[in-house]
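Breakdown of the fold
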Amino acid sequence: MELVGHRGCADHGPENTARACAAAARRLPAVEVDLRRCGSGELVAAHDARVDGFTDGSGRVADLDLASLRELRVDGSEEPVATFGEILDAVPADVTLHVELKEPGLWADVRAALAERGEPAVRLTSFSAPALAEIARSDWEPEVGWLFGDYPGANLDLAAVLGCANVHPHARQCLDTDVVARAHDAGFGVYAWGLAEAAGDPSNRAATVRALAERGVDGVTTDTWDLPHP
């Protein structure tokens, strides 16, 4: 089972920064990052719609231009908000990059950035059906995956409509329902998220990873690389 460094393994460094992603890429076979468009049009690595929760600044990512974002510092570190280009430069071509599209309207710029770098290994994911539907309507055929937290049956059906290769259910769903078997029967790869929530106490994370592997999960995002590779 593939361990995926969630936001660059945020337990060890400032989330979604080039430094964190580079560190995670040295230790894990895959790294995950979130993408949004900032006020001046560039793609930047940010999970939240507002910068208040992860930087020393305030405001909506969509309202702040890149120059303003670059003046901010992430999680009390010296790291600025990263551009997508910096993330791509930080993650070697032999490490798979999971890119979560936080909103519609990003795919064409993502495609162009990947083409400039020789098409590195990337999986695109989203909770936004419109973001994935845009890709499905285009002539681009990247590996895409639908993120969801509940209603496994309906979401497996939606993933098929969206042309997904993978589904990304919450780890709790993988442990408590038959979603993994149903997804595999439908031809999907299965990548779980929410490991920390599913484990509860941090000391339970390794056991939860083993339980997910026993269920047949293909990969799981993790905030720490200090886990056994199942």
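Please refer to the structure higher up on the page.
Residues numbered from 1 in each chain as written. Predicted model: local features only at pLDDT ≥ 70, side-chain atom pairs only at ≥ 80, totals over all residues. Heavy atoms only, no water.

Applying the stated rule across the entire model yields 16 salt bridges. Among the salt bridges present, the one from Glu15 reaches Arg7, with a minimum N-O distance of 3.0 Å. Where Asp34 meets Arg7, a salt bridge forms, and the shortest distance between an N and an O atom there is 3.8 Å. With Asp34 in strand β2 (residues 30-37) and Arg7 in the loop between β1 (2-5) and α1 (18-25), the pair connects residues that are 27 residues apart, well separated along the chain. This pair shows no difference in class: Asp34 is buried, exactly as Arg7 is. A cluster of three or more residues bridged by salt bridges with shared partners is formed by Glu2, Arg123 and Glu143. (Salt bridge = Lys/Arg side-chain N within 4 Å of Asp/Glu carboxyl O. Helix = DSSP H or I, 4+ residues; strand = E, 2+ residues; numbered from the N terminus. Buried < 20%, exposed > 50% of the residue type's maximum accessible area, 1.4 Å probe, protein only.)

A word on helix α4 (residues 107-116). Listed as buried for α4 are Trp107, Val110, Ala113 and Leu114. Projection of α4 onto a plane perpendicular to its axis shows the buried side chains occupying an angular sector of 125 degrees, all on one side. Residues of α4 that are buried in the fold lie against β2, β3 (43-45), α3 (84-90), β4 (96-101), β5 (122-126) and α5 (129-137). Following α4 by one or two positions, Gly118 has its phi on the positive side, about 75 degrees. (Arc of directions from axis to C-beta. Contact = heavy atoms within 4.5 Å.)

To continue, consider the nonpolar core. Within the largest apolar cluster, 59 residues are counted, with the highest numbers of intra-cluster contacts made by Phe84, Leu97, Val99 and Val110. Among residues more than four places away in sequence, those in contact with Val99 are Val33, Leu35, Phe84, Val122, Arg123, Leu124 and Thr125. Ranked by size, the runner-up nonpolar core spans twelve residues in total, among them Val51, Phe54, Leu66 and Val74. (Core = buried A, V, L, I, M, F, W, Y, C linked by side-chain atoms within 4.5 Å.)

In terms of residue burial, β5 counts as a mostly covered element, since five of its five residues are buried. Burial along β5 is two-sided: Val122, Leu124 and Ser126 and Arg123 and Thr125, pointing in opposite directions, are all buried. Handedness of the β4-α4-β5 crossover: right-handed. Handedness of the crossover joining β5 and strand β6 (residues 143-148) through α5: right-handed. (Right-handed = clockwise from strand over helix to strand, strands pointing away.)

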